[in-house]
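Coordinate analysis (summary)
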Amino acid sequence: GLSSTDEYGGNDPDTAFELFRSMEVDNVFPNGKTYCALINVCKRVRRPDLALKVLRLMGERGWCEGGNKLREGGSFFASSVN
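Cut-off values and rules
Per-chain numbering applies: the sequence of each chain, read as written, is numbered from 1 onward. Given that the model is predicted, a residue must reach a pLDDT of at least 70 before its local features are reported, and side-chain atom pairs must reach 80 or more before they are shown or counted; all residues, however, enter totals for whole chains, interfaces and linings. The basis for every side-chain value is the complete set of heavy atoms in the structure, and neither hydrogens nor water enter the calculation. Segments assigned H or I by DSSP are reported as helices when at least four residues long, segments assigned E as strands when at least two residues long, and all are numbered from the N terminus. A helix's residues, less one, multiplied by 1.5 Å, set its expected span. Think of it in three bands: with a 1.4 Å probe and only protein chains considered, a residue is buried below 20% of the maximum accessible area for its type, exposed above 50%, and partly exposed in between. The directions from the helix axis to the C-beta atoms are what the arc is built from. The contact definition used throughout considers only heavy atoms, calling two residues in contact when any of these lie within 4.5 Å. Residues grouped as a nonpolar core are buried Ala, Val, Leu, Ile, Met, Phe, Trp, Tyr and Cys residues, joined through side-chain atoms within 4.5 Å. Any two rings among Phe, Tyr and Trp, with Trp reduced to its six-membered ring, count as a pair given centres within 6.5 Å; such a pair is stacked if its planes are under 30 degrees apart, edge-to-face if over 60, and tilted if neither. We count a charge as sitting over a ring when the NZ of a lysine or the CZ of an arginine lies within 6 Å of the ring centre and within 35 degrees of the ring normal.

What follows deals with helix 4 (residues 48–60). Relative to the 18 Å expected for 13 residues at 1.5 Å per residue, helix 4 spans 18 Å between its end C-alpha atoms, a close match to the ideal helical length. When we look at burial in helix 4, the residues that qualify are Leu 50, Ala 51, Val 54, Leu 57 and Met 58. End-on view of helix 4: buried residues confined to an arc of 115°, all on one side of the axis. Opposite the packed face of helix 4, turned more than 90 degrees from it, sit the exposed residues Pro 48, Arg 56 and Glu 60. Looking at the packing, one finds that the buried side of helix 4 touches helix 2 (13–25) and helix 3 (32–44). Of the residues trailing helix 4, Gly 62 is marked for its positive phi of about 90°.

This part is about the nonpolar core. Nonpolar side chains tend toward joint burial in soluble globular proteins. One finds Phe 17, Phe 20, Tyr 35, Leu 38, Cys 42, Val 54 and Met 58 to be the most contacted residues of the largest nonpolar core, which totals 13 residues. A per-element tally of this core places helix 4 first, with five residues. Filtering out sequence-adjacent residues up to four positions away, Phe 20 remains in contact with Pro 30, Thr 34, Tyr 35, Leu 38, Leu 57 and Arg 61.

What the rule picks out here adds up to one aromatic pair. Geometrically, the ring pair formed by Phe 20 and Tyr 35 is tilted, given 5.7 Å between the ring centres and 55° between the ring planes. Residue Phe 20 is located in helix 2, and its partner Tyr 35 is located in helix 3; the two are separated by 15 residues in the primary sequence. Comparing Phe 20 with Tyr 35 shows no difference in burial state: the two are buried. Sitting over the face of the ring of Phe 17, Lys 53 holds its NZ or CZ atom 5.2 Å from the ring centroid.

Within the chain, Asn 27 stands out as a residue other than glycine whose phi angle is a positive 60°. On the basis of relative accessibility, which here comes to 55%, the residue Asn 27 falls in the exposed class. With phi around 55°, Arg 46 is a residue other than glycine that occupies positive phi space.

Looking now at the environment of Tyr 35. Of the residues examined, Tyr 35 reaches a relative accessible area of 1% and is grouped as buried. The spatial distance from the C-alpha of Tyr 35 to the C-alpha of Ala 51 is 9.4 Å, given a sequence separation of 16 residues. The residues touching Tyr 35, leaving out its near neighbours within four places in the chain, are Phe 20, Pro 30, Val 54, Met 58, Arg 61 and Trp 63.

Okay, structure coming up:
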């Protein structure tokens, strides 16, 4: 059977990015953990090009590579951990 990782796109970047896009359509905004999960999928399937795409998206949306949100004025604050 499929593991939960397989079921939710853990080894399929197309599914992972599709879930990411559907989150945004539903006004569910990604946090640092979401971006890290996307990067991990890219790592598992050896697709550094897609990981770079995620990093670019993070930069465009005000996130740094460490999963922290940029505050206006350029300083960082940590995203909440639930």
